[in-house]
Every structure is written in structure tokens, then in C-alpha cells.
2 protein chains.
Amino acid sequence: MSVTAPAGFAAAGVTAGLKKSGGLDLAIVSNLGPLANAATVFTSNRCKANPIIWSQQVMRDGRVSAIVLNSGGANCYTGTIGFQTTHATAEAVADQLQVSAGDVLVCSTGLIGEQLDLGKLTAGVLDAGLALRDTAASSSADAGLAAAQAIMTTDTRPKQATRVSPAGWTIGGMAKGAGMLAPGLATMLVVITTDAVLTSAQLDAALREATRVTFDRLDSDGCMSTNDTVSLLASGASGVDADPAEFAAALTELCRDLTLQLQGDAEGASHDVAITVRNSASETEAVTVARAVSRSNLFKAAIYGNDPNWGRVLAAVGTIPEADAAFDPYGIDVAINGIQVCTAGEPDQPRELVDLAPRAVSVVIDLHAGTAGATIWTNDLTHDYVEENSAYSS
Amino acid sequence: MSVTAPAGFAAAGVTAGLKKSGGLDLAIVSNLGPLANAATVFTSNRCKANPIIWSQQVMRDGRVSAIVLNSGGANCYTGTIGFQTTHATAEAVADQLQVSAGDVLVCSTGLIGEQLDLGKLTAGVLDAGLALRDTAASSSADAGLAAAQAIMTTDTRPKQATRVSPAGWTIGGMAKGAGMLAPGLATMLVVITTDAVLTSAQLDAALREATRVTFDRLDSDGCMSTNDTVSLLASGASGVDADPAEFAAALTELCRDLTLQLQGDAEGASHDVAITVRNSASETEAVTVARAVSRSNLFKAAIYGNDPNWGRVLAAVGTIPEADAAFDPYGIDVAINGIQVCTAGEPDQPRELVDLAPRAVSVVIDLHAGTAGATIWTNDLTHDYVEENSAYSS
């Protein structure tokens, strides 16, 4: 169950013929109301795709009736023609759903720099509109699944999650993204729906905090996308005024669920690595240090080789200037999969005790500089990653 | 010809048995005078190896009589025992050469976190001392070559360079480093010798400027070593007062020569990529932008696949915050191997025109934001890189 789990939402996933490989490539999620509140977080990359530029405009009044997502092309760096394609797509959706084009978010994912086929897009929107007019079918779990499949690119499986509150509201979500995962989001498209009653401002606060500690801490290969979008739509159809704090907690949990699914399907990865920094002077410093390790190709290649190479962990930690993280370089402990291989900057337990065969890897770095901490999720650097990203143009 | 090209220097390269693979693994370069002036630039990594800590102390008076370098172990994160090993090595060299241990630089390269065998080190120093007592042989080109070979780890060939001034002085140099190449130097060991007459302060100024625009701009895989050292030793044996500006220019040229040799032998690389940013608001901004591209795994994997993926170039450029580089994201041109594939943020020449078969790759990014510029050298991300760094513990 996913985006159609909460009341007041319909979804469709169709084949528009945009993806070379064929298969579902266009999705619409429609908010049937009574509310049309929303919050969206966009990529912080300054080189933004056309759909991002459009959607930022849509978000100015915090009102969204529908979101359309296509794979088969990012519509990024496609100039004025590309922007017109985005606009026309929103218009076509608005026409099908009898809503305003200015309330339709657009997301695209795929290759950068190539024009999308507007004819195929429009035909796909027509097909999706038809499916959405079957109210029962389009609010089913199958419809939500079809939408989740239609947004996939290099993903090997759709990612969905649901959280149900005893208070009587539900949150559902779908995500795609399996490469280019980095801070400031990733080449991720995430749509989250809820039937809770909340204002756009409340949705925005909850979404930013949830994103900050989940998607923003997934750093598979250090690259940041041009197209990231995480949208949260509220129909209010449950009639239940959600407690903002309870909602925020449930939303964060759902986002963490999706984040770990994305990590588990990262391109070509053979390990899921959680890098936890403990006892830092601040949470920000913990994130800075953990991220530096998560971006070390030498560290990630070592994990791929099942090598508990703590020296490379420290070499990455040491690149952080003093102003950005406080620590004594010779006072750091490093534990890998529960074995403390380095204590206060000296070798401790034998490396041979570390078992890196399981997919899940835990690295814990104790800075002994405070009481804060944070975790960054990443993956190893593998032959498959190189193969997929040298052969696949995206 | 290399470190023995200038007058007043002797060198030796011997087998101490430190490297598991066997082969030359310990080198000494001895400054015979009359001057014992020197300058050294160290890694900016806060997690510094024991030999770095020792050598920083040696450099406090700007006086160096000899430098000893070993491969087979970085002597990093080896605690008090490791520091005692470094100290004892310097003492052994001092004893052989009849100089002060406080004038002996020590460099080590290899695995982090493992103790060096002091017995083998000392025996190796004795052998090198013996070789150095044969004055003619130890000042020959062969001796310089042996030293250059003894400092190799994953290098496939020794790196040497010489520059001869019409004014009558000479500079020679040797380098090692084929992974972990990044800003703030790299896992590089570089020894440069000269028979010019210059003060330590003049040497220091020349070396810092040369390093800033050469070694600091080599960024093969984004990782920064714990052990980098670039040393410049002056014997003054030519008797010629070098013009500081002429010397600085020749030194920079020699460092660039060594830098390109290091790039050409980067671990597992199949392309040498020069990323040039033009028309930036400042040189620093050009470096920041070029470095971001040089660290994009997606960009580097694409180059490996002979894919002129300018979208990934822009996605990397776009990660730079406005405060760190000024540019209009939709006003950037990108040219790859002479073909302008993107103009003002839109597709231009067809990608099919770009020939990425040759090893040398040029990416030129025009920011249209000023008149400054800079180049960062990097390599592609290949299967061999992953293989070497998952199988080889270092």
C-alpha cells in the first residue's frame, strides 16, 4: 500500500512510450480533497531541471491538486522548448482532472539534455486521465503500485511505505532513486500522501525536518541530482485534525523507511553502510564527518572488498578542517560491525575479527568531543556501479 | 636524471625487506652542501602519520641534511611505538652520514595502522649508508633512479624530472603516488633537489606557490592522504645565486611535469582528464568548480565509458553554493575534447562528434562570470580502480 492508502487520493501508472526499454513511464497522483494542501522540497542543485522551475512556481501558494511524474527523460538543460513541454504537460493533466494547471506539480527523471516527446507525454496523460476516472480502481493498492513502478529508472524494484495512526489518519509514500543519491536530496522522486487535516505550513515544517534527517543523509555516491523532488500532499479526507508533532514523527519514520529502501537498491551496491559519528560537538559536525567518510572512494572500495580498512576511515575524517569539526585526530575510536579496530588513534582489536560478508555494514566513529551524533547512509563502490554508470547515459 | 642531477647531492635506493612484494623499498637523499637549506609542504590532513609529526619538527629551523623515505608501511596511527620507529630511523641515518638527527626528514608510505619493522629499517639504512660512501656512484643518475624506484608503492613506473637553467643551476625531482591524489597534496612523496644558492625562506615561497598550482590541483579520486610530503633541498653547490622569480618558474614547471606523470600513472585509470574552468569571477572559484566536477563519480564513470555526458558535468557544477562560485546555471558552456556540446545551458553540437577514445581528455567549462580560470587534473573511474582498491589494503 502506498500513495493510495490514505483516503482522498487516486493514482495511475501508464506506458507513454518515453522509456526506451518500454514499460510504465508516466504516473499521476490526484488529490481528490477536500483539502489541496501541500509541501515540497526541491534539489539544492543550482542547475535545476525545467520541471523543477515549473513546480517551484506551483508551490508558491501551497496548493496542489495533482502531481504528474515521467521517467524516460529529465527534461533538464532542454531550454525554452523543454519548459514549454513541462507547461503543456501540466495543462494536459489539468484538463483531464478539471483542475488548474497552476495546481499541478511536474516531475521528470532520466537523461539530461534531451527533449521529451510532447506527443507521447500528452497521449500518456490522456490514458492516465481515463484510468483515473474509474474511481474505485484508481484508489486501489494496485493503482498506487502502478504509479510507483512508472517512476522507476535504474531501480530494480518499486519503493513504497505506509504509516497508520491510531488517531485515524494515514500517510502513504512512493519513491524512486538508485544512483546520484546525495545530500540536498538525490535523483529522487518521492510522493507522500496523507488524509490528515493539516495546513500547508504545518506540512512544510514536518517535511523539511523529516527530509533533513532521512533523505538528506543518504549519500550513495556523493552526486547531487538536478531533478530531486519530495512532495507531500494532504487531502484532509479523514476529517481528523492531526497532532503536528505526532504527524511529524510518523512522517519521519516513513521517510526513513523509504530512505533505507533506496539505499538497499542503490546502483550496483553490494553493501549498505551506516556511518555513525558519536560524541561530536554538534549534530552538524557529526553529519560533516560522516559524510566525508561516506564519500571516500577508497573507503567504499575497501568495503566492497570486505576489507575493514579503518585507516581509510581516519584519512577521510582528517580532511575536515578544524573550523568544521572539533576532534583530536589521535583521540578517535573506530568500530566496524561491532569490532573496535582503532582506539584513541591506535590499532586495537585485530581486523580479522570483522565479518564484512553480510550486506549490512556499521561503522561507528567516536570523536570524544561532545555528546551529539548523526548517521549517514551510503553504499560500497563496486564494479557494478562503474559498469552501470559508464554504460548507461543519464 | 633526477635528484642527483644537481651538484651536491647523493642518493641510494636499497631493499630493506619492508615491502611484501620484495624489491627496493628504502631511499636516502643526502645533501652534501655547502648549504643545507630546505622547504617542505605537508599534507593538510589532520590525521597525520608519525613521520609527518617528526618531519614538521625537523623543518622548524629550515635546515635539512638528508631525507630518508621508506615504502612498505605508512607508519600512520601506529602510536608511540611508531613514533619511536621514526625517531630511530632518523638517528640511524644521522649516524651513517655524520649529521644531526634533527636535520633528517623521514617519509613513509604504505599501509596505515601497521607497525614498521625497525630491525629491517635499520639494516636498510646501513646498506644505504654504505652505498652513499661511494661518492661517484651515489651521485650518478643510476643512484637517483634507484631512489625513485625505492619509494614506489602502486606506481607502475618511477617519476623523475630535471630542469637546467642557463644561469648555471639545476633542479631535479622524483615523485611517487598513484592513488589517493587530492588537494592538499596526495599520498605523494616528492623530493626536489637544487644546487642553486637560495635561502630557506626563498625556497619555501617558491615551493608553496609551485605546489598550489600543480600538486594541489591533481585530484585523481578525491581522497587525501595522511602522509603527503613535498620537500625541496638546496645544496648551493653551483655557487650561483638564483634569481628567485626564475627559480620559482622553473620549479613550477618541474612540479607540473611530475604532476602530469603522477596523473598518467593513477591507479587503474584509462583516461587523463583536464578540467578547465574559464571566465570565472576568481581563480579560487575556478578551482572550486573544477574540483567539484573532478570528484563526480558519475562524470568519471561516464568518461570511462567514453560517454561525453555534459549533463553530469553541469549536475556537479550546480552543487557549488552561490557564495562559493558566481555563475548563471543557464549561462554555462561545456566543451569536451574541443566539441561544444552545451552552450548557455542548452544542447549544442551533437555528442556523437566527441571522440573520447584517446587517453587525454579535455573538458572546458565557461562560466561567463569573469576573467579568471584554473585547471584540475583527474582521471576516470574504472573497474581497475575498484579492483586495486578493494583487493589492495593500504
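About the thresholds
Each residue is numbered by its place in its chain's sequence as written, counting from 1. Naming scheme: in the order in which they are written, chains are lettered from A and ligands are numbered from 1. Residue-level local features of this predicted model are given only where pLDDT is at least 70; pairs of side-chain atoms are given and counted only at 80 or more, and the full residue set underlies all totals for whole chains, interfaces and linings. The basis for every side-chain value is the complete set of non-hydrogen atoms in the structure, without hydrogens or water. UniProt positions are given in the numbering used here, feature names are shortened, and annotations may be inferred rather than shown by experiment. Each helix is a run of DSSP H or I of at least 4 residues and each strand a run of E of at least 2, with the numbering of both proceeding from the N terminus. For every residue, the accessible area obtained with a 1.4 Å probe (protein chains only) is divided by the maximum for its type, and the residue is called buried under 20%, exposed over 50%, and partly exposed between those limits. Whether two residues touch is decided by their heavy atoms; if any such pair falls within 4.5 Å, the residues are in contact. We score Asp and Glu as negative and Lys and Arg as positive, and we do not count His or the chain ends. In plain terms, the charge of a residue is placed at NZ if it is Lys, CZ if Arg, CG if Asp and CD if Glu. By salt bridge we mean one thing: a side-chain nitrogen of Lys or Arg within 4 Å of a carboxyl oxygen of Asp or Glu. A 1.4 Å probe that fits but cannot get out identifies a cavity on a 1 Å grid over protein atoms alone, an open set with protein on both sides within 12 Å along at least five of seven lines counts as a pocket, and a residue lines either if it has an atom within 4 Å of a point. Axis definition: a line fitted to C-alpha atoms, limited for helices to the stretch in contact. Angles are taken between N-to-C directions and run from 0 to 180 degrees. An angle counts as roughly parallel when it lies under 35 degrees, as roughly antiparallel when it exceeds 145, as roughly perpendicular when it falls between 65 and 115, and as oblique in every other case. Asp, Glu, Lys and Arg are counted as charged, while Ala, Val, Leu, Ile, Met, Phe, Trp, Tyr, Cys and Pro are counted as nonpolar; the rest, among them Gly, fall into the polar class. The aromatic pairing rule takes the rings of Phe, Tyr and Trp, using the six-membered ring of Trp, and pairs them if the centres are within 6.5 Å, calling planes under 30 degrees apart stacked, those over 60 edge-to-face and the rest tilted. The criterion for a charge sitting over a ring is simple: Lys NZ or Arg CZ within 6 Å of the ring centre, and within 35 degrees of the ring normal. Each of two parts loses accessible area, computed with a 1.4 Å probe, when they are put together; buried area is these two losses added. In this scheme the crossing of two helices becomes right-handed for a clockwise turn of the near helix relative to the far one and left-handed for an anticlockwise turn of less than a right angle. Only strands joined by at least two bridges in the DSSP assignment are considered to pair. Cysteine sulfur pairs qualify as disulfides if the two atoms are within 2.5 Å. Overlaid copies result from least-squares superposition on C-alpha atoms, with residues included only where pLDDT is at least 70 in both.

For chain A, an unreviewed UniProt entry supplies the name Arginine biosynthesis bifunctional protein ArgJ and the organism Cryobacterium arcticum. Within the UniProt record for chain A, the comment given under Subunit (unreviewed entry) is "Heterotetramer of two alpha and two beta chains."

Asks: I'd like a rundown of the overall build of chain A, residues and numbers included.
Replies: Tallying secondary structure elements over chain A gives 11 helices and 15 strands in all. Expressed as lengths along the three principal axes of its C-alpha atoms, the size of chain A is roughly 65 × 45 × 35 Å. The burial tally for chain A puts 62% of its 394 residues in the buried class. Summarising the internal contacts of chain A: among those between residues at least 6 apart in sequence, 80% fall at separations of at least 24. Taking the average location of the 23 positive side-chain charges in chain A and that of its 42 negative ones, the two points are 4 Å from each other.

Asks: Can you lay out the pattern of salt bridges for me, pointing to particular residues and giving the numbers?
Replies: Residue and element names in this part refer to chain A. For the coordinates displayed, the defined rule picks out 30 salt bridges over all chains. A salt bridge links arginine 163 to aspartate 257, with the shortest nitrogen-to-oxygen separation between them at 3.2 Å. Pair noted here: arginine 163 is in strand β6 (residues 159-164) and aspartate 257 is in helix α7 (residues 244-264), with a separation of 94 residues, a long-range link. Each of Asp155, Arg157, Lys159 and Asp265 takes part in salt bridges that share partners, so that together they form one network.

Asks: Which residues make up the environment of threonine 371 of chain B, and what values go with them?
Replies: All names here are of chain B. Positionally, threonine 371 belongs in the loop between β14 (360-366) and β15 (372-379). What makes threonine 371 exposed here is its relative accessible area of 79%. Measuring from C-alpha to C-alpha, the distance between threonine 371 and asparagine 279 comes to 4.2 Å, with 92 residues separating the pair along the chain. Ignoring any residue separated from it by four or fewer positions in sequence, one finds threonine 371 in contact with Asn279 and Ser280.

Asks: Let's hear about the UniProt feature "binding site: substrate" (unreviewed entry) in chain A: which residues, and what values?
Replies: Sites flagged by UniProt as "binding site: substrate" (unreviewed entry) map to Thr153, Lys176, Thr187, Glu267, Asn389 and Ser394 of chain A. Within the annotated group just given, the residues that line the second largest pocket are Thr153 of chain A.

Asks: So, the packing of helix α9 (residues 297-304) of chain A against helix α11 (residues 383-391) of chain B: which residues are in play, and what are the values?
Replies: Each pair of packed helices gets described by two things: the angle between the helix axes and the distance between those axes. The contact between α9 of chain A and α11 of chain B brings their axes to 7 Å, and the two run at 70°. By the angle between their directions, the pair α9 of chain A and α11 of chain B is classed as roughly perpendicular. Side by side, α9 of chain A and α11 of chain B meet where Asn297, Leu298, Ala301, Ala302 and Tyr304 of chain A of the first sit next to Tyr385, Val386, Asn389 and Ser390 of chain B of the second. Class assignment of the residues belonging to the contact of α9 of chain A with α11 of chain B gives a composition of six nonpolar, three polar and no charged.

Asks: Describe the packing of aromatic side chains, and please don't skip the residues or the numbers.
Replies: A complete count under the given rule lists eight aromatic pairs over all chains for this structure. The interplanar angle of 55° and the centroid separation of 6.2 Å between the aromatic rings of tryptophan 54 of chain B and phenylalanine 83 of chain B together place this pair among those described as tilted. Of this pair, tryptophan 54 of chain B sits in helix α1 (residues 50-58) while phenylalanine 83 of chain B sits in helix α2 (residues 79-97); the two residues are 29 residues apart in sequence, bridging distant segments of the chain. Using a relative accessible area of 10% as the deciding quantity, one classes tryptophan 54 of chain B as buried. Each member of the aromatic cluster is reached from another via a ring pair, and the members are Tyr77 of chain A together with Trp310 and Tyr330 of chain B. The ring of phenylalanine 327 of chain B carries arginine 46 of chain A above its face, with NZ or CZ at 3.7 Å from the centroid.

Asks: Any chance you could break down the environment of glycine 129 of chain A for me, citing the residues and the numbers?
Replies: Residue and element names in this part refer to chain A. By the secondary structure assignment, glycine 129 is in helix α3 (residues 118-132). Looking at glycine 129, the relative accessible area reads 2%, which means it is buried. On a C-alpha basis, the gap between glycine 129 and glutamine 96 in space is 5.4 Å, while along the polypeptide they are 33 residues apart.

Asks: Would you mind going over the interface of chain A and chain B in detail, with residue names and values included?
Replies: With 57 residues of chain A in contact, the opposing surface of chain B contributes 56 residues. Across the chain A to chain B interface the summed buried area is about 4,700 Å²; carbon plus sulfur atoms make up 55%. Three residues stand out in chain A for area buried against chain B, namely Arg46, Tyr77 and Leu298 of chain A, and they jointly supply 18% of the buried area on that side. Our count for the contact surface shared by chain A and chain B stands at zero salt bridges. If you list the elements that add at least two residues to the side of chain A that touches chain B, you get α2 (79-97), α9, α10 (310-317), β13 (346-347) and α11 (383-391) of chain A. Per element, the largest residue contribution to the side of chain A that touches chain B is six residues, and it comes from α11 of chain A. Of the residues contributing to the side of chain A that touches chain B, the split by class is 26 nonpolar, 21 polar and 10 charged.

Asks: How would you summarise the packing of α2 of chain B against helix α3 (residues 118-132) of chain B if you had to cite specific residues and measurements?
Replies: Residues and elements named next belong to chain B. Relative orientation of the contacting elements α2 and α3 amounts to 20°, with a least axis distance of 9 Å. Compared by their axis directions, α2 and α3 come out roughly parallel. Crossing hand, α2 versus α3: right-handed. Within the contact between the two elements, α2 uses Thr85, Ala88, Thr89, Ala92, Val93, Gln96 and Leu97 and α3 uses Leu118, Leu121, Thr122, Val125, Leu126, Gly129, Leu130 and Leu132.

Asks: Just give me the short version of the pairing of β14 of chain B, but keep the residues and values in it.
Replies: All names here are of chain B. Inspection of the sheet shows strand β10 (residues 272-280) paired to β14 by seven bridges, in the parallel sense. Pairing of arginine 278 across the sheet is with aspartate 366, part of β14. Pairing analysis gives four bridges linking strand β11 (residues 333-336) to β14, with the strands arranged antiparallel. Bridged to alanine 335 within β14 is valine 364.

Asks: Run through the state of the cysteines, naming residues and quoting values.
Replies: By the definition in use, this model includes zero disulfides over all chains. Of all cysteine sulfurs, the one in cysteine 107 of chain A lies closest to cysteine 255 of chain A, which takes part in no disulfide; the gap is 15 Å.

Asks: So, the relation of the copies chain A and chain B: which residues are in play, and what are the values?
Replies: Least-squares fitting of chain A to chain B yields an RMSD of 0.0 Å, with the transformation described by 0.0 Å of translation along the axis and a rotation of 180°. Look at the turn and shift together and you get a two-fold axis relating the two. Nearest to the rotation axis, the C-alpha of histidine 383 of chain A is located 2.8 Å from it, this being the minimum over chain A. Take the interface residues of chain A: 98% of them recur as interface residues in chain B, which is what a same-surface contact looks like.

Asks: With reference to specific residues and values, describe the sheet that holds strand β5 (residues 104-108) of chain B.
Replies: Residue and element names in this part refer to chain B. Overall, mixed pairing links the four strands, which are arranged β1-β2-β4-β5 in an open sheet. Each edge of the sheet is formed by a strand with only one pairing partner; in this case those strands are β1 (9-14) and β5. Strand-to-strand, the axes of this sheet are offset by a mean angle of 10°, without reference to chain direction. Where strand β2 (residues 26-31) meets strand β4 (residues 66-70), five bridges bridge the pair, whose relative direction is antiparallel. In the strand pairing of β4, alanine 27 is matched with leucine 69. Across the sheet, α2 touches β2, β4 and β5, and the angle it forms with β5 is around 130°. In the packing of helix α5 (residues 141-150) onto the sheet, the strands contacted are β1 and β2, and the crossing angle to β1 comes to about 50°.

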